[in-house]
Each structure stands twice: as structure tokens, then as C-alpha cells.
Amino acid sequence: MMTETKPKAIVLTDGLLQTADAKTAHGLIRGTERYEIVGVIDSQFEGRDAGEVLDGIHRNIPVLASVEAAIQSIQDIQFCIIGIATVGGKLPAHFMPIIQSCIQNKISMVNGLHDFLTGMPELVKMANEFGVTLTDVRKPKERKDLHFWKGDIFNLKAPVIAVIGTDCALGKRTTCRMVKHACLEAGINAQMIYTGQTGWLQGGQYGFIFDSTLNDFISGELEHAILSCAENTHPEVLLVEGQSALRNPSGPCGSELLVSGNAKNVILVHAPKRKYYDGIPEWGTIHSLASEIELIKLYGSAVIAVAINTEHCTTEEALEFQKKYEAELQLPVLLPLQQGVGKIIPIIKTLIKN
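This one's a predicted model, so the numbers in the text were calculated from it and none came from an experiment.

The rules we used
- Sequence positions are assigned chain by chain, starting from 1 and proceeding in written order.
- Local features in this predicted model are restricted to residues whose pLDDT is 70 or higher, and side-chain atom pairs enter the listing and the counts only when it is 80 or higher, whereas totals over whole chains, interfaces and linings include all residues.
- Calculated side-chain values reflect all of the structure's heavy atoms, with hydrogen atoms and water omitted.
- Secondary structure elements follow DSSP: runs of H or I no shorter than four residues count as helices, runs of E no shorter than two count as strands, and numbering proceeds from the N terminus.
- Between the two quantities, the radius of gyration covers C-alpha atoms and the globule rule is 2.2 Å times the number of residues to the power 0.38.
- Here the open area of atoms and residues is found with the Shrake-Rupley method and a 1.4 Å probe, where only the protein chains shown may cover a residue.
- Axis lines are fitted through C-alpha atoms, for helices just across the contact stretch, and the angle between N-to-C directions can take any value from 0 to 180 degrees.
- With respect to orientation, any angle under 35 degrees is reported as roughly parallel, any angle over 145 as roughly antiparallel, any angle of 65 to 115 as roughly perpendicular, and every other angle as oblique.
- In this analysis, two residues are considered to be in contact whenever any of their non-hydrogen atoms come within 4.5 Å of each other.
- Following the grouping adopted for this structure description, the nonpolar residues are Ala, Val, Leu, Ile, Met, Phe, Trp, Tyr, Cys and Pro, the charged ones are Asp, Glu, Lys and Arg, and the polar ones are all others, Gly among them.
- We call a residue buried when its accessible area falls under 20% of the maximum for its residue type, exposed when it is over 50%, and partly exposed in between, using a 1.4 Å probe and counting protein chains only.
- We treat two strands as partners when DSSP finds at least two bridges between them.
- With strands facing away from the observer, any crossover in which the path from the first strand over the helix to the second runs clockwise is taken as right-handed.
- Two cysteine sulfur atoms make up a disulfide if the distance between them is within 2.5 Å.
- In this analysis, the expected span of each helix is defined as 1.5 Å times one less than the number of residues it contains.
- For this analysis, a ring pair means two rings from Phe, Tyr or Trp (six-membered ring only for Trp) whose centres lie within 6.5 Å, classed as stacked if their planes differ by under 30 degrees, edge-to-face if by over 60, and tilted for the remaining angles.

Asks: Can you tell me about the overall build of the protein, naming the residues and giving the values?
Replies: When helices and strands are counted, the protein shows 13 helices and 12 strands. Its C-alpha atoms give the protein a radius of gyration of 20 Å, near enough to 20 Å, the size a compact globule of 354 residues would have. Taken over the C-alpha atoms alone, the protein extends approximately 55 × 50 × 45 Å along its principal axes. Of the roughly 16,100 Å² of accessible surface on the protein, a fraction of 52% belongs to carbon and sulfur atoms.

Listed below in C-alpha cells is the structure:
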């Protein structure tokens, strides 16, 4: 359970706020039940509102040039969250002086990268000296805390919906959270399973960090998270956040949700103007929506809706893509950021009823 008073946190993105690498920060700016986000440290966008930089929506989260500037204008900052998810989870070298400044100002660090702060002796020594904590969200669990797949997932009655995508960094987690909140507003007890560090940072209660889990235990951790959530919250529907994509060669992922998580329903996220996986031509052309839907069908699951990531689209183009895909695929097509996700609610109600 979250306490009523959330700890104040700033988010570090220095120079990267408007890039895909800052998707952790983007999620936190849009909302978190774990922290109160009170500022973003990014000298490139100093003086602006972080929400306006992200998507044009003012969220009263100032962007500041430095930790010192944040301390001068904001009281009682308890945490600094490293708000980036770089390829390979590497910590940028220019972040180190900013992290040290946080520690020296008695601000604890929270890190979602694969480069662990607790593995850096100089930071550990400094943290002990100034009485702050270093939290590495992606640190693997110990063997005793891992679960192996049992097959009990097949006894679950509530429908499981996987929110997966045709590529990385498409907004799967954001779409998943939006669908959960839309369900709750409609009186549906919907729960979300997080599978990445940002989901935990946003306050997720049930889930695991997919890419820091030993491969033998990924299916078991997924099953355990879903069943623990079901046992404790008695949901009418369960939403599972996807990672990467079924055919992204740098990290093919998603089949576990369909097979081991028994997700028979899928919301498929797609960016119509993105041509290559991760934007890299050498990695290959992203497969078509129709092709991905057929692949998901071969796994025994059905796509119940498409959600469009409208990067590089004008509003008019986004609406045209929506109209085009609805005609071609005979499926509801969501524009989450422009229109919300309310169109999915009648479908979810039907799933629950059946």
C-alpha cells in the first residue's frame, strides 16, 4: 500500500529529456503512485515545464539546470531518480557528477539501469558518509526469491490482456496504465502487472523486472505475479505490460505473455511512421500490423484492439491512420494520447461477461 504522503523526487535526464532514452522519465512525468515528482534535472530545457516538453501538457513539474537549483527552489527533496533507459542500461559518464551532487546534498538515488550504483565503491562510500540510500531497481533477485512456472495460470478465471507492441519504446506501459485507469473509472476492477523498472517506479504492486530475471525463471515470475495479484485483488481483468516486441532482433519478447501468462487477448501498439526496429535499418523493417496480428493468432491469442503511437504524426495524419487501420483490420484503433482509450471498455466488459 502507498502512503498518503508520497516522498518528493526529482528526475535526472540531463540532455536526454526529449529522446526515447528518457522513457522512464516520460512515464514518471505522466504519473506515479510511488513518488511525488517535483522537478526534472536537464540543463537543455531549463525553465520549461517537463510536461510541456514531453507532450504539450502543463503538469507543474519544472525543469531545472542542476541539483543545486532544485534544492534552492524545492523543499524536502528525498530522492533523485535516474530517468533514462539507455541501450544496454549503461549510465552516461556525465551523470556521475550530478549523482555525486545529489548524495552530497543528502538526496537518495534510485536507479533503473543495468549499471548498478551499489557496485560503484566510491558512490557506496559517499552514500554511507552522507546517510543516504542507493536503490538499484534492476538488480536481479536472489535465487531463493525466484519462482518456477507451475501451470496454475490455467486455472485463472479472469481474462488476461497483454499490451504488446511491434517494436520497443512505443508506449506499451503508458497504454496499459491508461486502460487500467479507464477500467477503474468505468467501475471495472482492473489490475496491471508491470514487467519493467518504470512500472515499479510508477507504483506497481505486482510484477517483476523482465530483463534482469534469469531466463529459466521468467515464465515462473510472470505466472507468480499474475496469480499473486489475482489472489489479493480479485480482479475482473488483468493487464500485462509488454516488453520489446515479438520480432525485434535485439530482444524478441512477448511470447512469454501469450504462452506462459496465458494472455488470450492482446492490445497491439504500433507506430505507423517508424520503419525499422529501434530505428536502425540494419535490424530490419518492422513487420506489418496484419502480419503481427496473424502471428499472435498462431500463438492462440487474439488482438482485440490496436493502439497507435503517433510519433512524427500531425493530428490529421493520426486520424487518417486510425481510419485506415480500422477499415483494413476491422478492429477498434485507439489514439491514447489524443482521444484516450475509452473505446476499449465495451470490449473488456464483453470479455468479463463471457
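From this point, things continue past the structure.
Asks: Explain the packing of helix α4 (residues 96–104) against helix α5 (residues 121–130) to me, using residue names and the numbers behind them.
Replies: Running from N to C, α4 and α5 point in directions that differ by 20 degrees, and their axes come no closer than 9 Å. Taken together, the axis directions place α4 and α5 in an arrangement best described as roughly parallel. On α5, the residues touching M96, I99, Q100, I103 and Q104 of α4 are E122, L123, M126, A127 and F130. In the contact of α4 with α5, the residues fall into 7 nonpolar, 2 polar and 1 charged.

Asks: Outline the pairing of strand β11 (residues 302–308), supporting the account with residue identities and numerical values.
Replies: For β11, the tally of buried residues reaches 6 of 7 residues, placing the bulk of the element in the interior. Two strands pair when backbone bridges link them, and strand β10 (residues 265–270) and β11 are joined in this way by 6 bridges, in the parallel orientation. Residue I267 lies in a different strand from β11, and its bridge partner there is A305. Taking the sense of rotation as the criterion, the β-α-β connection linking β10, helix α10 (residues 289–298) and β11 turns out right-handed. In terms of strand pairing, β11 meets strand β12 (residues 333–334) through 2 bridges, oriented parallel. Considered in β12, the bridge of A307 is made with L334. The parallel pair β11 and β12, bridged by helix α11 (residues 315–329), forms a crossover whose chirality is right-handed.

Asks: Lay out the pairing of strand β4 (residues 79–82) with the relevant residues and their values.
Replies: Burial of the side chains of β4 extends over both faces: F79 and I81 are buried on one face and C80 and I82 on the other. When β4 meets strand β5 (residues 108–111), the two strands line up parallel, connected through 3 bridges. Considered in β5, the bridge of F79 is made with S108. Handedness of the crossover is the feature at issue here: the chain leaves β4, passes through α4, returns alongside β5, and the resulting connection is right-handed.

Asks: So what about the state of the cysteines? Which residues, and what values?
Replies: Here the structure, examined in full by the defined rule, presents 0 disulfides. No disulfide involves C313; its sulfur sits 19 Å from that of C168, the nearest cysteine.

Asks: Give a detailed account of the sheet that holds strand β9 (residues 237–241), specifying residues and quantitative values.
Replies: Strand order in the open sheet made by the 6 strands is β8-β9-β7-β10-β11-β12, with parallel pairing throughout. Each having just a single partner strand, β8 (190–193) and β12 make up the two edges of the open sheet. Those strands touched by helix α6 (residues 172–185) are β7 (160–165), β8, β9, β10 and β11, and its axis lies near 160 degrees from that of β8.

Asks: Tell me about α6, and please be specific about residues and values.
Replies: Under the 1.5 Å per step criterion, the end-to-end length of α6 is 20 Å for 14 residues, consistent within 8% with the ideal 20 Å. Taken residue by residue, α6 has K172, R173, T174, T175, C176, R177, V179, A182 and C183 as its buried positions. Directly beyond the C-terminal end of α6, a positive phi value near 85 degrees is found at G187.

Asks: So what's going on with the packing of aromatic side chains? Residues and values would help.
Replies: Tallied over the entire structure, the rule returns 5 aromatic pairs. With a centroid separation of 5.6 Å and an interplanar angle of 70 degrees, the aromatic rings of Y35 and F79 are classed as edge-to-face. Pair noted here: Y35 is in the loop between α1 (23–30) and β2 (36–41) and F79 is in strand β4, with a separation of 44 residues, a long-range link. An identical accessibility class is assigned to Y35 and F79; each is buried.

Asks: For the environment of T5, give the residues involved together with the corresponding values.
Replies: One can find T5 in the segment before β1 (8–12). We classify T5 as exposed; its relative accessible area is 67%.

Asks: Before we move on, can you summarise the side chain of E292 with the specific residues and values?
Replies: Its place among the elements puts E292 in helix α10. With relative accessibility at 2%, the residue E292 sits in the buried group. Discounting chain neighbours no more than four positions away, the residues touching E292 are G165, T166, L246, R247, L268 and H287.

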